[in-house]
Amino acid sequence: MFGRWISPFTNQVIQDARQLDADHLVPLSWSWQRGASEWSVEKREAFANDPSNVLIVESSLNRSKSDKGPDEWLPPEGRCGYTARFTRIVLKYRLQPKPDESARIKEILEQCRG
């Protein structure tokens, strides 16, 4: 149960696997409500197992994030990279964020560039 992980949410080194969870960067329930409900079983499985969409993070942060997108939750560290990666996955799978979510994500990315 021991190893060494660097959290992408805090940049902290974690050495106890019991403190970690596998997190879907784009949450499964979030994606379901934005188009994944129309996908084939195969596409849903590919999405759920896509390494670009799975991160190993602190359990406490994974639980606070829950099924939220970047408009409602951002990690303590690496917010720009997190939001950019979230956006790439949304585009890759052609998910359809709600207009207010898209506007907030765009605002975050613009702040990152500025």
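Please refer to the structure higher up on the page.
Here's a quick rundown of the structure. (Residues numbered from 1 in each chain as written. Predicted model: local features only at pLDDT ≥ 70, side-chain atom pairs only at ≥ 80, totals over all residues. Heavy atoms only, no water.)

Points about the state of the cysteines
For the structure shown, the criterion picks out 1 disulfide. Between the sulfur of Cys 80 and that of Cys 112 lies a disulfide, 2.0 Å long from S to S. When the S-S torsion is -95°, as for the bridge of Cys 80 with Cys 112, the disulfide is left-handed. Pair noted here: Cys 80 is in helix α4 (residues 79–92) and Cys 112 is in helix α5 (residues 99–113), with a separation of 32 residues, a long-range link. According to the relative accessible area criterion, Cys 80 is partly exposed, its value standing at 37%. (Disulfide = S-S within 2.5 Å. Helix = DSSP H or I, 4+ residues; strand = E, 2+ residues; numbered from the N terminus. Buried < 20%, exposed > 50% of the residue type's maximum accessible area, 1.4 Å probe, protein only.)

Observations regarding unusual backbone geometry
The backbone phi angle of Asn 11 is positive, close to 65°, even though this residue is not glycine. Inspection of the secondary structure puts Asn 11 in the loop between β1 (2–6) and β2 (13–16).

A closer look at the environment of Asp 71
Mapped onto the elements, Asp 71 comes out in the loop between α3 (59–65) and α4. Classification of Asp 71 as partly exposed rests on a relative accessible area of 23%. Residues Asp 71 and Thr 83 lie 12 residues apart in sequence; the distance between their C-alpha atoms is 9.3 Å. Ignoring any residue separated from it by four or fewer positions in sequence, one finds Asp 71 in contact with Glu 101 and Arg 104. (Contact = heavy atoms within 4.5 Å.)

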